[in-house]
Amino acid sequence: EDKVVQSPLSLVVHEGDTVTLNCSYEVTNFRSLLWYKQEKKAPTFLFMLTSSGIEKKSGRLSSILDKKELSSILNITATQTGDSAIYLCAGSPNRDDKIIFGKGTRLHILP
Amino acid sequence: DGGITQSPKYLFRKEGQNVTLSCEQNLNHDAMYWYRQDPGQGLRLIYYSQIVNDFQKGDIAEGYSVSREKKESFPLTVTSAQKNPTAFYLCASRWGRNYGYTFGSGTRLTVV
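Residues numbered from 1 in each chain as written. Chains lettered and ligands numbered in written order. Predicted model: local features only at pLDDT ≥ 70, side-chain atom pairs only at ≥ 80, totals over all residues. Heavy atoms only, no water.

Enquirer: Mind laying out the overall build of chain A, listing which residues take part and the relevant values?
Expert: A tally of helices and strands in chain A yields zero helices and 11 strands. Helices and strands in chain A line up, N terminus first, as β-β-β-β-β-β-β-β-β-β-β. Along the longest, intermediate and shortest principal axes, the C-alpha atoms of chain A span 45 × 30 × 20 Å. Within chain A, buried positions represent 46% of all 111 residues. Taking as baseline every contact in chain A between residues at least 6 positions apart, the subset at least 24 positions apart corresponds to 55%. Total accessible area on chain A is roughly 5,400 Å²; 49% of this is exposed by carbon and sulfur atoms. Across chain A, 14 positive and 12 negative side-chain charges occur, with their mean positions spaced 4 Å apart. (Helix = DSSP H or I, 4+ residues; strand = E, 2+ residues; numbered from the N terminus. Buried < 20%, exposed > 50% of the residue type's maximum accessible area, 1.4 Å probe, protein only. Contact = heavy atoms within 4.5 Å. Areas by Shrake-Rupley, 256 points an atom, 1.4 Å probe, with all protein chains shown as cover. Lys, Arg positive; Asp, Glu negative; His and termini not counted. Charge placed at Lys NZ, Arg CZ, Asp CG, Glu CD.)

Enquirer: Give a detailed account of the sheet that holds strand β8 (residues 71–76) of chain A, specifying residues and quantitative values.
Expert: Whether parallel or antiparallel, the strands of a sheet pair through hydrogen bonds between backbone atoms. Residue and element names in this part refer to chain A. Overall, antiparallel pairing links the five strands, which are arranged β1-β3-β8-β7-β6 in an open sheet. For this open sheet the edge positions go to β1 (3–7) and β6 (56–58), each flanked by a neighbour on one side alone. Within the sheet, the average angular offset between the axes of one strand and its neighbour, ignoring direction, is 15 degrees. (Pairing = 2+ DSSP bridges. Axes fitted to C-alpha atoms, helices over the stretch in contact; angles between N-to-C directions.)

Enquirer: Give a description of the state of the cysteines that names residues and reports values.
Expert: Applying the stated criterion across every chain, the model contains two disulfides over all chains. Between the sulfur of A:Cys23 and that of A:Cys89 lies a disulfide, 1.9 Å long from S to S. Judged by the sign of its S-S torsion, about -70 degrees, the bond between A:Cys23 and A:Cys89 is left-handed. With a gap of 66 residues between them, A:Cys23 in strand β3 (residues 19–26) and A:Cys89 in strand β9 (residues 85–93) connect regions that are remote in the sequence. Each member of the pair, A:Cys23 as well as A:Cys89, carries the same accessibility label: buried. The residue that forms a disulfide with B:Cys23 is B:Cys91, at a sulfur-sulfur distance of 1.9 Å. Looking down the S-S bond of the B:Cys23 and B:Cys91 bridge, the torsion is -75 degrees, so its handedness is left-handed. Taken together, the residues B:Cys23 in strand β3 (residues 19–25) and B:Cys91 in strand β9 (residues 87–94) connect sequence positions 68 residues apart. Across the pair, B:Cys91 and B:Cys23 agree in class, each one buried. (Disulfide = S-S within 2.5 Å.)

Structure (structure tokens):
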């Protein structure tokens with residue numbers, strides 16, 4: 001059975017800290033890995049990763065995929081209170097259009 | 001602006017009632033999805049549809065039903081057979097396998 005596991009499930013840090021969120025996956029016929037940020041209601045898209053070892057960046061956020069280790073990390077540098085959210089990791093297989101989500105990491109940034 | 005609209009934002013259901021959650025998109029996406037989100041559970045797939053007049057069960061389809069009569073619309077009915085329907089429901093659509101999901105703002109369903 002396909003699955004995506006995120007760690008930690010919850011994280012509290014102070015503003016200005018750097019955080020690393022982890023995601024491991026077991027997805028048959030893996031195609032891509034996705035990261036989303038969910039603040040209140042609708043998750044918003046952050047990154048889609050398909051190639052191993054190539055870092056994607058957006059401002060203070062960056063992510064990289066390791067296909068050998070079947071994992072990905074999401075880094076947030078110089079955290080701000082606005083980064084407080086649930087971060088969702090998901091794996092997308094080739095065989096159909098379903099995406100398998102992890103349980104999310106709830107990140108709370110203290111001012 | 002293109003996007004996905006879910007309605008209502010909040011819904012209260014009495015025991016034994018069926019309720020229908022609306023999901024409409026104007027993104028011209030073929031594939032649409034319904035997820036349920038419970039605290040600490042992440043997103044669990046209820047149903048999905050890759051094309052009009054066709055849909056497949058997800059991991060937790062029992063007690064739910066859907067229809068896909070139009071490309072733009074994918075309503076979800078929570079039936080009385082769903083014993084624990086209180087949750088946050090998210091609808092999503094996708095252009096294709098090379099793209100991620102676009103999500104609606106969700107419907108919070110509460111059984112009273």
